[in-house]
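Read off the chains here:
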There are 2 protein chains.
Amino acid sequence: MKDKQHIIDDIRAFNRYYTGLLGLLNNHLLDSDYSLAEARILYEIHSLQPVSASQIMSNIVIDKGYLSRVLKQFEKSGLISKQVSSEDARITLVSLTATGLTLFNKLNSASEEQIATLLNKLSSKEQQQLVGHMQAIRTLLSD
Amino acid sequence: MKDKQHIIDDIRAFNRYYTGLLGLLNNHLLDSDYSLAEARILYEIHSLQPVSASQIMSNIVIDKGYLSRVLKQFEKSGLISKQVSSEDARITLVSLTATGLTLFNKLNSASEEQIATLLNKLSSKEQQQLVGHMQAIRTLLSD
DNA sequence: TTGTATTAGTTGATAAAGTCAACTAATGAT
DNA sequence: ATCATTAGTTGACTTTATCAACTAATACAA
C-alpha cells in the first residue's frame, strides 16, 4: 500500500512518460503543413459539423482570437465553408468542404497509422488490456 | 473482443482526453513566470545535476539551440551555475543554485498540489488502482 | 601524428504559435 | 428601450520554437 506522496510521484512519472509518447505520436504532423492545434480543430469540425467556433472552444482549450484566425485560414485555403446560422446571426457554422474532408482523412489515417505501429508490438490480448486500462483511468478520473 | 479499428479509436479518444487533462494540470504554470518547457528542464536539472545539455536532451525532445538559450537565461537569472567538465571541455555541467532549488521546490509543490486535488475525489483504494493502471500502460508500451 | 569525422554547445535570423484587449454586431433579459 | 451578454474579428504584441551556420574540443583511423 503506497502512501499519498508515492502515488503522486507515480502519477507525475506517468504524466512525463505519456507527454513524451503523445509527442512522438504527434510527430507525423511535422511532415504535414498543419500544427497539432490545426489538426485537432479539423477533427472537431469533422466530428461536429456544422459547428460554431464556440462549440469547438467547448471541446478544446484555445484562444478565441487564435481559433478565429485558424478558421479564417481554413476557409481561405478551401478546407471549410462558413454559413451564418439561421437561428442566431451571431453564430457562424463551419463545415468541411470536399477538400477539407480529404485532408482530414489523410491526417486521420496518419494518426491511426501511428497508433497501429504502437500496437504491432502487442498481442491481441495485450491490446485489449491496454484499452481496458485507459478506460479505467478515464472512469476513475471523470467522476 | 474489439477489432483493431475499435481499439485504435479508443486509444485516440484516450489520448485526446489525456492531452486535455495534462493541459489542465499544467495550467498552474500560467501563474508563474515559467513555461512548461522551462519547468521540465528545471526538473531534469534537479534530478540529474550536475548535468549537461546533451543529457537533458536525451530525456526531453527539445531543440539544442532552444535549450542553450533557456539555460543561458537560467544562468543569467541565477537559477543555475555552469561548470565546464574536467573530463571533456566540450561539456558544460549545470547545477541548481540555492535560488534555483527554491524555485524548483515551488513549482514542484504546485504540480503536486494539482495532482493531490485530482486524487481528492478518489478513495485510497481507487488511487492505488489508478496508479496500477498507469503502470500497466507503461509496462505494455515500453517493451 | 595528422587529417577527418563527430560531438557539445552557441548564436543569428526567422517563423510559428499563442495571448490579450478592443471592437462590432446580434441577441437576451428586465 | 436600455443594459448586459454572447459570438466572432482584428490589431498589436510576446513567447516559443526551428534551422542552419559556426566554434571548439575530442575521438578515431591511417
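Each remark here, short or long, concerns the structure printed above.
My aim in this report is to walk through the structure given alongside it, one point at a time. Because the structure is predicted, anything quoted here is derived from the model rather than measured. (Residues numbered from 1 in each chain as written. Chains lettered and ligands numbered in written order. Predicted model: local features only at pLDDT ≥ 70, side-chain atom pairs only at ≥ 80, totals over all residues. Heavy atoms only, no water.)

Okay, the protein's contact with DNA strand C next. Every one of the 20 residues lining DNA strand C counts as a neighbour, but Y66(A), A89(A), S54(B), S68(B) and R69(B) are closest to it. The separation between a phosphate oxygen of DNA strand C and a polar side-chain atom of Y66(A) is 2.6 Å. Between S54(B) and DNA strand C, the recorded distance is 2.6 Å, taken from a backbone N or O atom to a phosphate oxygen. Counting residues per element, the ones that place at least two in the surface near DNA strand C are α4 (64–76) of chain A together with α3 (53–57) and α4 (64–76) of chain B. Ranked by residues supplied to the surface near DNA strand C, first place goes to α4(B) with five residues. Tallied by class, residues from the surface near DNA strand C come to five nonpolar, six polar and nine charged. (Near = heavy atom within 4 Å. Polar contact = N/O pair within 3.5 Å; in protein donor to acceptor, adjacent residues only side chain to side chain. Helix = DSSP H or I, 4+ residues; strand = E, 2+ residues; numbered from the N terminus. Nonpolar A, V, L, I, M, F, W, Y, C, P; charged D, E, K, R; others polar.)

Turning next to helix α2 (residues 36–48) of chain B. The end-to-end C-alpha separation of α2(B) is 18 Å, in line with the 18 Å expected for 13 residues at 1.5 Å each. When α2(B) is considered as a whole, its buried residues turn out to be E38(B), A39(B), I41(B), L42(B), Y43(B), E44(B) and I45(B). (Expected span 1.5 Å × (residues − 1). Buried < 20%, exposed > 50% of the residue type's maximum accessible area, 1.4 Å probe, protein only.)

Turning next to the protein's contact with DNA strand D. In the neighbourhood of DNA strand D, 20 residues make up the surrounding shell, with S54(A), S68(A), R69(A), Y66(B) and A89(B) lying closest. Within 4 Å of the protein, the contacting atoms of DNA strand D are drawn from sugar and phosphate to the extent of 60%. Contacts to DNA strand D include K64(A), whose side-chain N or O atom sits 3.1 Å from a base oxygen. Contact distances for DNA strand D include 2.7 Å between a phosphate oxygen and a side-chain N or O atom of S68(A). Residue contributions to the surface near DNA strand D peak at five residues, all from α4(A). A class-by-class count of the residues in the surface near DNA strand D yields five nonpolar, six polar and nine charged.

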